[in-house]
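Read off the chains here:
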Amino acid sequence: MLDILYQDEYLIAINKPCGLLVHRTSIAEENEVFALQLLRDQVGRKLFPVHRIDRPTSGVLVFAFSPEVARSLNDQLTNGESHKKYVALVRGWFPEEMICERQVKNDRGNLQDAITRFVPLKQLELPLATDRYPTARFSVVEAYPLTGRWHQIRQHLAQLRHYIINDRVHGDGKQNRIFTEQLDIREMFLHARSLRLQHPELSSELTIEASFPSHWNNFL
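Residues numbered from 1 in each chain as written. Predicted model: local features only at pLDDT ≥ 70, side-chain atom pairs only at ≥ 80, totals over all residues. Heavy atoms only, no water.

Participant: Can you tell me about the pairing of strand β11 (residues 190-198), naming the residues and giving the values?
Facilitator: Most of β11 is tucked away: seven of the nine residues are buried. Of the pairings in the sheet, the one linking strand β4 (residues 58-64) to β11 comprises two bridges and is parallel in character. For Gly 59, the partnering residue across the bridge sits in β11 and is Ala 192. Across six bridges, strand β5 (residues 83-91) lies against β11 in antiparallel orientation. The residue of β11 that forms the bridge with Val 87 is His 191. Across five bridges, the pairing between β11 and strand β12 (residues 205-209) is antiparallel. In the strand pairing of β12, Leu 195 is matched with Ile 208. Between β11 and β12, which follow one another and run antiparallel, lie six residues, and Ser 203 among them has a positive phi close to 55°. (Buried < 20%, exposed > 50% of the residue type's maximum accessible area, 1.4 Å probe, protein only. Helix = DSSP H or I, 4+ residues; strand = E, 2+ residues; numbered from the N terminus. Pairing = 2+ DSSP bridges.)

Participant: Which residues make up the packing of aromatic side chains, and what values go with them?
Facilitator: Scanning the model with the defined rule gives eight aromatic pairs in all. Their ring planes at 55° and their centres at 5.7 Å tell us that Phe 94 and Phe 118 sit as a pair that is tilted. Of this pair, Phe 94 sits in the loop between β5 and β6 (98-101) while Phe 118 is found in strand β9 (residues 115-126), placing the two residues 24 residues apart along the sequence. Judged by its relative accessible area of 1%, Phe 94 is buried. For Phe 118, a relative accessible area of 0% gives the class buried. Three or more aromatic residues link up through ring pairs in this structure, and these residues are Phe 138, Phe 179, Phe 189, Phe 212, Trp 216 and Phe 219. Positioned above the aromatic ring of Tyr 144, the side-chain terminus of Arg 117 is 4.8 Å from the ring centre. Positioned above the aromatic ring of Trp 93 is the side chain of Arg 137, whose terminal nitrogen or guanidinium carbon lies 3.9 Å from the ring centre. (Phe/Tyr/Trp six-rings, centres within 6.5 Å; stacked < 30°, edge-to-face > 60°. Lys NZ or Arg CZ within 6 Å of the ring centre and 35° of its normal.)

Participant: Residues and numbers for the pattern of salt bridges, please.
Facilitator: Using the criterion set out here, one finds twelve salt bridges in the structure. Here Arg 108 makes a salt bridge to Asp 107, at a shortest N to O gap of 3.8 Å. Each member of the pair, Arg 108 as well as Asp 107, carries the same accessibility label: exposed. When the shortest N-O distance is used, the salt bridge between Glu 125 and Arg 137 registers 3.8 Å. Placement of the pair is Glu 125 in strand β9 and Arg 137 in strand β10 (residues 136-145), with a sequence separation of twelve residues. (Salt bridge = Lys/Arg side-chain N within 4 Å of Asp/Glu carboxyl O.)

Participant: If you had to explain helix α4 (residues 173-182) to someone new, which residues and values would you point to?
Facilitator: Three or more residues of α4 are buried, namely Gln 175, Asn 176, Ile 178, Phe 179 and Thr 180. Along its buried surface, α4 packs onto β5, β10 and α5 (214-219). Between the side-chain oxygen of the N-cap and the backbone nitrogen of Lys 174 there are 2.9 Å, and the N-cap of α4 in question is Asp 172. Where α4 terminates, the next one or two residues include Asp 184, which has phi positive at roughly 55°. (Contact = heavy atoms within 4.5 Å. Polar contact = N/O pair within 3.5 Å; in protein donor to acceptor, adjacent residues only side chain to side chain.)

Participant: Requested: an account of empty space enclosed by the protein, with residues and values cited.
Facilitator: Applying the stated criterion to the full structure yields one cavity of 30 Å³ or more. Space inside the largest cavity adds up to approximately 60 Å³. Lining the largest cavity are His 51, Ile 53, Val 60, Lys 84, Lys 85, Tyr 86, Ala 192, Arg 193, Ser 194 and Leu 195. Those elements that place two or more of their residues in the lining of the largest cavity are β5 and β11. Counting residues per element, the lining of the largest cavity draws most heavily on β11, at four residues. Partitioning the lining of the largest cavity into residue classes produces five nonpolar, two polar and three charged. (1 Å grid on protein atoms, 1.4 Å probe; cavity = no way out; pocket = protein on both sides within 12 Å on 5 of 7 lines; lining within 4 Å. Points joined across faces, edges and corners; volume = space filled by probe spheres on them. Nonpolar A, V, L, I, M, F, W, Y, C, P; charged D, E, K, R; others polar.)

Have a look at this one:
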C-alpha cells in the first residue's frame, strides 16, 4: 500500500519510496512494478502522470485523475510556477547558500542550462573512517530546482563535489561504501520533501509534504 499524502476528486499525491519507478520506461523490466499501476490498483481509478522523480529518490509524487488536470499541473511544473523543495545528505561541509547555474547533461548526453538554489541546513562530523581520515564530514542541504532537467540536483551537487550519499550514478564510491559497509544503508539520500502549486480546479494554493523514509531516520 502506497502512502497517500493528499487526495481529492481531481488529483492524488503519494510519498514514493526509494527504488520504485514512476511508470514503465525503456530501462524497466517486464516483471517490474511501478507507482502508476500500484496506485491505480489501490484507488481503483485511472491515473495520469503529472511529473516524475528518479527511481532512487523518495518523496512527493503527483498523479491526476484526468488528462486535463495532468496537463494543467505539468504546465505549472514546466513553467516554474510551482515550488519544489528537496533535501539531500551530501559529502563534506556545504559552505553557504548559493545559486548553481551550470549546464547538465540530459539522458541523451546533450548539455542543457540548469539552475538550482542550495541552502545548507546542518553540518555533521562522524567517527566513520575514510582512507587516512578518522572521521567523515557531511551536510544536510535543501535544494530548490528552478529548472527541471534530468538528474539536475544530482548533477549539480556532483559538479560542486558535494556528492549525494548513495548516488550510484553521480556520487562518490568511497563515501557510498561507508554507508553500505559500515552502516548497512543502501538507499540514496535525496528526498522530494514538499511541492507547492496552484490547484487547477479549486483555485487555491496546495502544499503537499512528505515525511522522510526510514533510512534517513535511522542515520540521523
